[in-house]
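# Observations on chain architecture
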Amino acid sequence: MKKLPILEDVRIEAIAAEGQTLARVDGVVLFTQYAVPGDLVDIQLTKKKKSYMEGRVVKYKELSKTRCEAECEHYGVCGGCKWQILPYEEQIKAKQKQVWDNLTHLAKIELPEISPILGSAKTKYYRNKLEFTFSAKAWLTKEQMELPDEEKQLNALGFHIPGMFDKVLHINECYLQDELSNKIRNSLYNFCTENHIPFYDLRSREGIMRNIIIRNSVTTGEWMVVVAFAVDDKKVIKSVMQFLSDSFPEITSLQYVVNTKCNDTIGDLDIQVYKGTDSMTETMEGLKFKVGPKSFYQTNTLQAYELYKVARKFAGLTGDELVYDLYTGTGTIANFVARECKKVIGIEYVPEAIEDAKVNAQLNGLDNTLFFAGDMKDILNTEFINKYGRPDVIITDPPRAGMHEDVIKTILFAAPKRIVYVSCNPATQARDLQLLSTQYKVAAIQPVDMFPHTQHVENVVLLTCRV
């Protein structure tokens, strides 16, 4: 196969979708990564089509004035936090434009002015959950590959390299979660290495140490650590768990799981408490939310509060409304608005999440919530609406793929006065807004940045009846 050429002196023009940047060469759009508008670079083409090209930067000839230095030592290899080289004010400008571009070009409907994006107060240490993977076959940088074999660090505890399921980059320091997370991970890595406890090999499926999940509550200061072992070796399990218990008294919930499956998911496995409680608690406006090892909770706690306040404001509740909360998860939004409406009905696909939602409602003394588990398109139908009542307000927070067309048809049948659409993917949100536009108009738009240094953006849209 003929090798594609290197294009020299390419000026990066703009931010593109999915964290990429773009330039134009002879009228053809060229996408690349790890560059910012204004950079002058040489690019090795990796794909060449009639309408576009893709490539990777091989040389930076002139750096943009808007560029800043990446703080993380793992930048460019880890695959996360790609926008570290953009000042934060530039990041949120790009996200605001991303929302506008998606809604105007894809929805093709009349739109009001988009409110200025709500930036995150914290741009470092903002996550409340990280998961790290053990691997006996570390991803080695070019410099590490050149070391003598006896100096190569083949064990890793860190993040998967993008697109390579069996390659893990060892992480020394991550700026996404509170510093204690780094101390726990590095201490556990050193303990297992010094005691010759085998790291898991994802291809041969040999080894003992598999994963570690670290969660912390920003509002209560609690910490949860869940260690996944690939083998039920009681001696190793006890030594590892006791080490963590002795070394980190800050951990309030210390748990473990034995996972002999081919994949890393633990949703269908029994998790054992080694020390402390089986959960931790987050609080929001006096409400308490129980967060277990399998629970979903927005990973940027402080910014989630800002997001939920926007959703509640758009809902315009007076105390008399019946609210449907679609894709309710663990019922966080449902419980958050329950005190300001007559009744909330939450629907979610994951049964365990619905059990969490019920527990959270009980924990907060809320008796006006009702939760159902099952596929949204199967539960939310005309029979359901006729049985439980037509909602005055629908709040929907679907996954990245957006809403199924059958769900949208049922929403149109239900004909609520207001729809609050919370989205983590403005592209699929735009598609759904177009389908809803037969009966609804967009009355307000509020982007919210939940994930600094990444291309991801949340967007909240208020829809009101056209009549």
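Structure first, text after, so check above.
Residues numbered from 1 in each chain as written. Predicted model: local features only at pLDDT ≥ 70, side-chain atom pairs only at ≥ 80, totals over all residues. Heavy atoms only, no water.

This next bit is on the overall build of the protein chain. Counting its secondary structure elements, the protein chain contains eleven helices and 22 strands. For a compact globule of 467 residues, the expected C-alpha radius of gyration is about 23 Å, and the protein chain comes in at 24 Å, within 12% of that figure. Referenced to the eigenvectors of the C-alpha coordinate spread, the extents of the protein chain come out at roughly 75 × 65 × 40 Å. Across the 467 residues in the protein chain, those meeting the buried criterion constitute 54%. At a minimum sequence separation of 6, the contacts of the protein chain that also span at least 24 residues come to 64%. Summing over all exposed atoms, the protein chain offers an accessible surface of approximately 21800 Å²; the carbon and sulfur share of this is 51%. Considering the protein chain, the positive charge centre built from 57 side chains and the negative charge centre built from 61 side chains are found 4 Å apart. (Helix = DSSP H or I, 4+ residues; strand = E, 2+ residues; numbered from the N terminus. Rg over C-alpha atoms; globule rule 2.2 N^0.38 Å. Buried < 20%, exposed > 50% of the residue type's maximum accessible area, 1.4 Å probe, protein only. Contact = heavy atoms within 4.5 Å. Areas by Shrake-Rupley, 256 points an atom, 1.4 Å probe, with all protein chains shown as cover. Lys, Arg positive; Asp, Glu negative; His and termini not counted. Charge placed at Lys NZ, Arg CZ, Asp CG, Glu CD.)

Before going further, it helps to examine the packing of helix H1 (residues 88–107) against helix H11 (residues 426–436). Look at H1 against H11: their axes get within 8 Å of each other, and the N-to-C directions meet at 35°. The hand of the H1/H11 crossing is right-handed. Across the interface between the two elements, Gln98, Val99, Asn102, Leu103, Leu106 and Ala107 of H1 pack against Pro426, Ala427, Gln429, Ala430, Leu433 and Gln434 of H11. Classifying every residue of the contact of H1 with H11 gives eight nonpolar, four polar and no charged. (Axes fitted to C-alpha atoms, helices over the stretch in contact; angles between N-to-C directions. Left-handed = near helix turned anticlockwise from the far one by under 90°. Nonpolar A, V, L, I, M, F, W, Y, C, P; charged D, E, K, R; others polar.)

Let us look at the pairing of strand S7 (residues 129–135). S7 sits mainly inside the fold: five of its seven residues count as buried. Where S7 meets strand S10 (residues 209–216), five bridges bridge the pair, whose relative direction is antiparallel. Residue Glu131 lies in a different strand from S10, and its bridge partner there is Ile213. Note: S7 against strand S8 (residues 156–160), three bridges, orientation antiparallel. Its bridge partner being in S8, Phe134 is matched across the sheet by Leu157. (Pairing = 2+ DSSP bridges.)

A separate point is the sheet that holds strand S6 (residues 52–62). Spatially, six strands are ordered S1-S5-S6-S4-S3-S2 in an open sheet, and the strand pairing comes out mixed. Sheet topology places strand S1 (6–11) and strand S2 (14–15) at the edges, where each strand pairs with a single neighbour.

Turning our attention to the packing of helix H10 (residues 405–414) against H11. Put simply, H10 and H11 touch, their axes get as near as 10 Å, and they point 40° apart. With respect to H11, the axis of H10 lies oblique. With respect to the hand of their crossing, H10 and H11 are arranged in right-handed fashion. The residues of H11 that touch H10, namely those facing Glu405, Ile408, Ile411 and Leu412, are Asp432, Leu435 and Leu436. Each residue belonging to the contact of H10 with H11 can be placed in one class, and the counts come to five nonpolar, no polar and two charged. (Parallel < 35°, antiparallel > 145°, perpendicular 65-115°, else oblique.)

Here helix H5 (residues 301–315) spans 21 Å end to end across 15 residues, near enough to the 21 Å set by a 1.5 Å rise per residue. Among the residues of H5, those classed as buried are Thr301, Gln303, Ala304, Leu307, Tyr308, Val310, Ala311, Arg312, Phe314 and Ala315. Tucked into the core, H5 has its buried residues touching strand S14 (280–284), helix H6 (332–337), strand S19 (393–396), strand S20 (418–423), strand S21 (440–448) and strand S22 (458–465). A positive backbone phi angle near 60° is found at Gly316, which sits one or two residues after H5. (Expected span 1.5 Å × (residues − 1).)

Let's shift gears to the pairing of strand S17 (residues 343–348). For S17, a buried count of five out of six residues is recorded, marking the element as mostly surrounded by other parts of the structure. Where strand S16 (residues 322–326) and S17 come together, five bridges link them in parallel fashion. Across the sheet, residue Asp325 finds its bridge partner in S17, namely Gly346. Where the polypeptide runs from S16 across H6 and back to S17, its parallel neighbour, the crossover connection is right-handed. With five bridges joining them, S17 and strand S18 (residues 369–373) adopt parallel strand pairing. Across the sheet, Ile347 pairs through a bridge with Phe372, a residue of S18. Note on the crossover from S17 through helix H7 (residues 351–363) to S18: the handedness is right-handed. (Right-handed = clockwise from strand over helix to strand, strands pointing away.)

Below, the discussion takes up the pattern of salt bridges. Counted according to the given criterion, the structure contains 23 salt bridges. One salt bridge connects Arg24 with Glu13, and the closest N-O pair in it is separated by 2.7 Å. Pair noted here: Arg24 is in strand S3 (residues 21–25) and Glu13 is in the loop between S1 and S2, with a separation of eleven residues, a long-range link. Residue Lys309 is joined to Glu306 by a salt bridge in which the shortest nitrogen-to-oxygen separation is 3.5 Å. Of this pair, Lys309 and Glu306 both sit in helix H5, separated by three residues, roughly a single helical turn. Look at the salt bridges and you will find they share partners, linking Glu285, Arg312, Arg339 and Glu340 into a network. (Salt bridge = Lys/Arg side-chain N within 4 Å of Asp/Glu carboxyl O.)

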